[in-house]
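Coordinate inspection notes
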Amino acid sequence: MSPEAQSGGRRVALVTRAWAPYHRALQEAVAEAALPERGEIGLFYPWHAWCPFDVNEMRPRAANITLHQVDSAAVAPRWMRAGRRWKNEVTGTRLPSAAQWRALRRFAPSEVWIHEFSPYCLGGLFYAKANRLPLFVSTEVGRDNVAWFPAPVRWWHAFWGRLADGWIAQTPAARRPVCGSSAPVVEAYHAADSRKLKPATASPDTSRGRGGRRAVFLQAGRVLERKGADLLLAALDWVNKQGRTDWELRLLGPDCDGWGQRQIARHKLESQVTITGQLDGDALWTAFAEADVFTLATRQDTYAAVVHEAACLGLPLVISRHAGAAGALVRDGVNGWVVDPRDTA
């Protein structure tokens, strides 16, 4: 144990390859509220980490958080490249390195926290076990959603999960670890960061969808097959055919390779559907304020943090049963509905 730990200060080394704004709030909350005055979180991540989000939105900021970028070699195994079918960010991974080990030793943690079991994060696992430090794992994957992942991922989680001393479940599915571990579990789902939310103001047009301006449906996220934009368009095309054309859909996010526009054209919905591209800051909150209903027709989302933001802003939710947030946030007939996105009607 480090001298800092022996004197009462906790030094948590957080080893992660994952970058996203919805990780930041949890990291800052742990640093500011859960650690004693002398505690510190050191966040260790690959030098060349890539993510589609704005870097300034991802980096946690607190007086007792330090950031440590370390050199790490990249590989792209064939079984990971198969993930490109969904146009995910999963196009490669980073390996543990001597630089990572040296950085951890300089930090001298009293405990280690890793996010998922990527090869890069296993460097933190090996360091914890070699130095007999407690190891905690935050994960989105559990027994209730592991079937979504290929066999190597299932085996990987089952094998390395046995070494965890505690779990942070970031989705409802992760409450039951893949490996069947009996170590303690804390539920801390991906959530909206209330510090940046801007509640919608009431629209002066109170006749939305009632003979006035058209009701506005909103789906946020990249426009691609996995997110189910084509399933949502098929459902709204069906609505048109029932004689209800008083709606519009706004897809907030980048259109991957023009796939979304092709889907819109296939259903002849150009006059009712708009793809906005990536929106941030005030433009994003304005789009939420103008919406009547938030939808997510995803085929697969371990959680979908954007649903949490929509819920906090008071929008009714129509959410695919394949999103982890559906089970965590939606109460049928109260604040929305959980749907099977493949059931068009």
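Shown above is the structure to which this text applies.
All values reported here derive from a predicted model rather than from experimental measurement. (Residues numbered from 1 in each chain as written. Predicted model: local features only at pLDDT ≥ 70, side-chain atom pairs only at ≥ 80, totals over all residues. Heavy atoms only, no water.)

**Here's the deal with the sheet that holds strand β9 (residues 185-187)**
With parallel pairing, 7 strands are arranged side by side in an open sheet as β3-β2-β1-β6-β7-β8-β9. With one partner strand each, in any of the chains shown, β3 (65-70) and β9 form the two edges of the open sheet. Recorded for the sheet is a direction-independent mean angle of 20° between the axes of neighbouring strands. Here 4 bridges tie strand β6 (residues 111-115) to strand β7 (residues 135-139), and the two strands are oriented parallel to one another. For Ile114, the partnering residue across the bridge sits in β7 and is Val137. Helix α6 (residues 119-130) rests against β1 (11-15), β2 (40-46), β3, β6 and β7 of the sheet, and its axis sits at about 160° to β6. (Pairing = 2+ DSSP bridges. Helix = DSSP H or I, 4+ residues; strand = E, 2+ residues; numbered from the N terminus. Axes fitted to C-alpha atoms, helices over the stretch in contact; angles between N-to-C directions. Contact = heavy atoms within 4.5 Å.)

**Observations regarding unusual backbone geometry**
Residues other than glycine seldom take positive phi values, yet Ala108 does so here, at roughly 55°. With respect to the secondary-structure elements, Ala108 resides in the loop between α5 (98-107) and β6. One non-glycine residue, Lys268, lies in positive phi territory at about 55°. By the secondary structure assignment, Lys268 is in the loop between α9 (259-266) and β12 (273-277).

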